[in-house]
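# Tertiary structure, described
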Amino acid sequence: MARTLFIGLDGVTFTLLDELVRELPGEGVAMPFVAKLMREGFHAPLRSTAHPLTPPAWVSLITGRNPGHHGIFDFVRSEDRITDFYWTLSDRLDIRVESLWSIASRQGKRVVSLNFPMMSPPEPVNGCLVSGFVSWKHLRRNMTPDGLYDRIKAIPGFSAKELAWDFQRESQIGEEMTQAELEAWVDHHRPREEQWFRVAETLLAEDKPDLFAVMFDGTDKLQHQVWHVLDPRLIKNGMTDAEKRLRERVLGYYRRLDEYIARLAELAGPDARVFIASDHGFTASTEVVRINRYLGELGYLAWAENDGSATAKRREDANFAFLDWTKTLAFCPTPSSNGIVIRVANEPGHPGVPPEQYEAFRAKLIEDLLALRGPDGGQVITGVMKREDVFPGAAMHAAPDLTVTLRDHGFVSVRNRAPVVESRRIIAGTHHPDGIFIGYGPGVSNDHSRKLMNIVDVTPTLLYSLGLPVPQDFEGRVRDQMFTDEMFDENPVLFGPPTLPVTNARGAASSGVSEAERAKILEQLRALGYLEN
Amino acid sequence: MQAQEEISDTYNSSSTLASVIATIESIVQDWDLDQPVDASTRLVADLGFESIDLIQMAAALEQEFGRPNFSFADLLIVDGRYVDDLTVGQIAEALDARI
């Protein structure tokens, strides 16, 4: 089977990409190589997870499972400690299902995986893996195998600080910025992508893996802040000179990104298949919705008292709900979650809703959420999803009880400020459910019907491209329209045993698989040839 | 190949401290610090730990000690408030108490 090159692009949408791959007056074609892939290959919109957020969506994309199975719902996870909440970052140990890297590795394929989120601490692979979204201070420990850090450090021009995730800087996403700050924002992210490209170029050329995957996330970071100069619907009536300058800077980023993709495809060779996918799409957010303020006004939650201490000030300014936990029944934990957690009092004296009242409480809460109106009188929350409907699976109970969709697809605010709904002074970029998928190379069709795919279709597609069977427990499939009839005739889609249980995940106990059972499964897979000795 | 790490549970007090020190030394090895790490080393005051470093340390110790459900909340929150600092020895003691 052909080498498989997978390029992840965080938050790319056809709304923008269709503009970047065509000739624009005075701007030319920003992404000519991607234009060629789309023109000569396959492309289709890719529907993200029920809540289109980077961590759950990328994990679905590289596990073939929905968040109800894999267990990642947000950047953070929390523990309800009755009188307080403990927040920490989600990581790879929260993932309850096997990854693409592991599935391919144990069947003898050589793998390189770069910059995918939630891969920290890294799992051993048959090749190299560098976790994404990691601070420079922890890069060495978050890549595998041993010695890889020193190898990467030897790449001319390598800078750990430029390549790594800067938590302080990225926390500015969503804040209003001046023109100078926006230009600096674009300039900050270009060297970071260059660093990842240099690492990618080196490992692809030297290791020649069967599966090479790299994720570029500058797309998302830029679009959040500069969407007002990118969305064709927003610029059709003209831009100021400052906006034109900013747009030219951003287009420079996309031109360079196109060169990275072209160079990696060239290195992969003419017989390689190239796939590009995004974890979600993008669109315009026009208003701020302070969901906890609304829940507070309705009596569902109580705010913590700020005692004037530095800790209280820090907690109040943080992107975590800062509440009086002894009096809070329902709340939104983080702006990224768009989720509402209902606290259930499982023991007498604990704060929360009595278990027998849960259903009625939730029904009233949904009614109240849907009743929120904006200054224009319009309905602000257009959808309220119950977790059992959108996140079925063993990890469902780690999901928020409810997930809301706003009318502009925006993320909520968890801060205690008025009013509840307010128009943004500058339109911001936000996540849209529909991202992109592109395929190109031997056996890939040139279907342009743009039939909607699902994010869980990506992993089976990549496994098929590698000549590997699709595990029975995958939720997605290889789409008929993506490959030619000749390709399917010569290489029918094979279905194999389910993925391996992940016994060291934090939620693995609920899988009910013992070490002895796991050993038996491993033995069976080895006998069937699905596992290297 | 086997993609999951093996889990070990054979620790005693002195080896726990040695393992915690080794883990923290591994975490800070690229930070250009001159500070040696021992039981009295304070994470924030001596090593300059930030919240993200505590999270990385918690994950590293979780892997090292093979405790999938180990919660650092007990260590980091005392009487409903986050503690200001922790010594390496306190972490080793807490791990010992919970093994």
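Basis of the calculations
- Residues numbered from 1 in each chain as written.
- Chains lettered and ligands numbered in written order.
- Predicted model: local features only at pLDDT ≥ 70, side-chain atom pairs only at ≥ 80, totals over all residues.
- Heavy atoms only, no water.
- Helix = DSSP H or I, 4+ residues; strand = E, 2+ residues; numbered from the N terminus.
- Expected span 1.5 Å × (residues − 1).
- Buried < 20%, exposed > 50% of the residue type's maximum accessible area, 1.4 Å probe, protein only.
- Pairing = 2+ DSSP bridges.
- Contact = heavy atoms within 4.5 Å.
- Axes fitted to C-alpha atoms, helices over the stretch in contact; angles between N-to-C directions.
- Salt bridge = Lys/Arg side-chain N within 4 Å of Asp/Glu carboxyl O.
- Polar contact = N/O pair within 3.5 Å; in protein donor to acceptor, adjacent residues only side chain to side chain.
- Phe/Tyr/Trp six-rings, centres within 6.5 Å; stacked < 30°, edge-to-face > 60°.
- Lys NZ or Arg CZ within 6 Å of the ring centre and 35° of its normal.
- Domains from an automatic or database assignment.
- Buried area = accessible area lost by both parts, 1.4 Å probe.

### With respect to helix H2 (residues 51-65) of chain B
Over its 15 residues, H2(B) extends 21 Å from the first C-alpha to the last, a length consistent with the 21 Å expected when each residue adds 1.5 Å. Within H2(B), the full set of buried residues consists of Ile52(B), Asp53(B), Gln56(B), Met57(B), Ala58(B), Ala59(B), Ala60(B), Leu61(B), Glu62(B) and Phe65(B).

### So, the sheet that holds strand E8 (residues 211-216) of chain A
Residue and element names in this part refer to chain A. Strand order across the open sheet formed by 9 strands is E7-E6-E5-E8-E1-E9-E16-E2-E17, with mixed pairing between neighbours. Single-partner strands in this sheet number two, and they are strand E7 (143-144) and strand E17 (453-454). Against the sheet, helix H2 (residues 32-40) makes contact with strand E2 (42-47), strand E9 (273-277) and strand E16 (434-440), and its axis sits at roughly 80° relative to E16, the strand it touches most.

### Thoughts on the pairing of strand E1 (residues 4-9) of chain A
Note on strand geometry: in a regular strand, side chains alternate between the two faces of the sheet. Residues and elements named next belong to chain A. Counting buried positions along E1 gives 6 out of 6 residues, so the element sits mostly inside the fold. Relative to E9, E1 is paired through 5 bridges, and the arrangement is parallel. The residue of E9 that forms the bridge with Ile-7 is Ile-276. Of the strand pairs in this sheet, E1 and E8 are connected by 6 bridges, and their pairing is parallel. Bridged to Leu-5 within E8 is Phe-212.

### A short note on the interface of chain A and chain B
Taken together, the contacts link 40 residues of chain A with 33 residues of chain B. One can count 3 salt bridges joining chain A with chain B. The salt bridge involving Lys137(A) is made with Glu50(B); its shortest N-O contact spans 3.2 Å. The interface formed by chain A and chain B includes 7 residue pairs in polar contact (both at pLDDT 80 or more). For the side of chain A that touches chain B, the secondary-structure elements that each account for two or more residues are strand E4 (85-89), helix H5 (100-105) and helix H14 (310-317) of chain A. Among the elements that take part in the side of chain A that touches chain B, E4(A) stands out by supplying 5 residues, more than any other.

### Some remarks on H2(A)
Within the span of H2(A), buried status applies to Phe33(A), Val34(A), Ala35(A), Leu37(A) and Met38(A). Elements that come into contact with the buried residues of H2(A) comprise helix H1 (14-20), E2, helix H12 (241-268), E9 and E16 of chain A.

### Considerations on the packing of aromatic side chains
The full count for this structure, using the stated rule, is 24 aromatic pairs over all chains. Taken together, a centroid distance of 4.2 Å and an interplanar angle of 15° make the contact between Phe133(A) and Trp165(A) stacked. Within this pair, whereas Phe133(A) is found in the loop between strand E6 (127-131) and E7, its partner Trp165(A) is found in the loop between helix H7 (160-163) and helix H8 (167-170), the two being separated by 32 residues in sequence. Comparing Phe133(A) with Trp165(A), the two get one shared label, buried. Among the aromatic residues, those joined into a ring-pair cluster are Phe42(A), Phe275(A), Phe437(A), Tyr464(A), Phe483(A) and Phe488(A). Cation over ring: Lys137(A) sits above Trp31(B), and NZ or CZ is 4.4 Å from the ring centre. A cation over an aromatic ring shows up here: Arg450(A) above the ring of Phe14(A), its NZ or CZ 4.3 Å from the ring centre.

### A look at the domain arrangement of chain A
Residue and element names in this part refer to chain A. Examined at the domain level, chain A breaks down into domain 1 (4-285 + 430-502) and domain 2 (287-425). Using C-alpha coordinates to define each centre, domain 1 is positioned 30 Å away from domain 2. In this assembly, 30 residues from domain 1 lie in contact with 33 residues from domain 2. Here domain 1 and domain 2 share an interface that buries about 2,500 Å² over both sides, 61% of which is from carbon and sulfur atoms. Per-residue buried area on domain 1 facing domain 2 is highest for His-51, Phe-73 and Trp-87; these three make up 24% of the total on that side.

### Details of the sheet that holds strand E11 (residues 330-331) of chain A
All names here are of chain A. Ordered by their spatial adjacency, 4 strands build an open sheet running E11-E12-E14-E13, and the pairing between neighbours is antiparallel. Sheet topology places E11 and strand E13 (381-386) at the edges, where each strand pairs with a single neighbour. As paired elements, E13 and strand E14 (residues 402-406) share 5 bridges and run antiparallel to each other. Along E14, the bridge assignment pairs Lys-386 with Leu-402.

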